[in-house]
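Listed here are the chains, written in short residue letters.
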Amino acid sequence: MEELGERINVLEGYIAEQDKTIQELSDVLAEQWQVIEKLTKRLERAERMVEEIVSGQDDGGGTAVFVP
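Just so you know, the residues in each chain are numbered from 1, in the order the chain's sequence is written. Selection of residues for local features in this predicted model requires a pLDDT of at least 70, selection of side-chain atom pairs for listing and counting requires 80 or more, and totals for whole chains, interfaces and linings are taken over all residues. Only hydrogens and water are set aside; all other atoms, that is, all heavy atoms of the structure, feed into the side-chain values.

**Some words on the overall build of the protein**
Consideration 1: Of the regular secondary structure elements, the protein holds 1 helix and 0 strands.
Consideration 2: Relative to its full complement of 68 residues, the protein shows a buried share of 0%.
Consideration 3: In the form shown here, the protein has an accessible surface area of approximately 6,600 Å², with 58% of it arising from carbon and sulfur atoms. Elements are defined by DSSP. Helices are runs of H or I of four residues or more, strands are runs of E of two residues or more, and each kind is numbered from the N terminus. Each residue is assigned to one of three classes by its accessible area relative to the maximum for its type, calculated with a 1.4 Å probe on protein chains only: buried under 20%, partly exposed between the two thresholds, exposed over 50%. Surface accessibility follows the Shrake-Rupley procedure with a 1.4 Å probe radius. Residue values consider only the protein chains on display as shielding.

Structure representation (structure tokens):
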């Protein structure tokens, strides 16, 4: 019976470690998602700016701007 209790304790330790790892991964994923959302908004803003610059050049108005 003592061996069974020891095995259960070992398994509980593994489960606790896995729970900790899952929580850490979840936290990292949440942080990465926030970064992705922020970068997506910046990219959309940059795309709008480029479109405005290009459309301004098509109309013959404004100053030509080089966009690498």
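Having seen the structure, we can now continue with the description.
**Description of a nonpolar patch on the surface**
Consideration 1: A surface patch of nonpolar side chains, amounting to about 360 Å² of accessible area, comprises M1, L4 and I8.
Consideration 2: Considering the arrangement of structural elements, one finds M1 in the segment before α1 (2-58).
Consideration 3: The class for M1 is exposed, based on a relative accessible area of 85%. The residues that make up patches have over 30% relative accessible area and no salt bridge, and they are joined within 9 Å when like-charged or within 5 Å when they are Val, Leu, Ile, Met, Phe, Trp or Tyr. The term salt bridge refers to a side-chain nitrogen of Lys or Arg lying within 4 Å of a carboxyl oxygen of Asp or Glu.

**Quick notes on a negative patch on the surface**
Consideration 1: Positive charges are assigned to Lys and Arg, negative charges to Asp and Glu, while His and the chain termini are left out of the count. A single reference atom marks each charge: NZ on Lys, CZ on Arg, CG on Asp, CD on Glu. A contiguous patch of negative charge on the surface is contributed by E17, E24, D27 and E31.
Consideration 2: For E17, a relative accessible area of 46% puts it in the partly exposed group.

**Some points on a positive patch on the surface**
Consideration 1: Together, K38, R42, R45 and R48 give the surface a local cluster of positive charge.
Consideration 2: Counting through the fold element by element, R48 comes out in helix α1.
Consideration 3: Residue class for R48 comes out partly exposed when judged on its relative accessible area of 46%.

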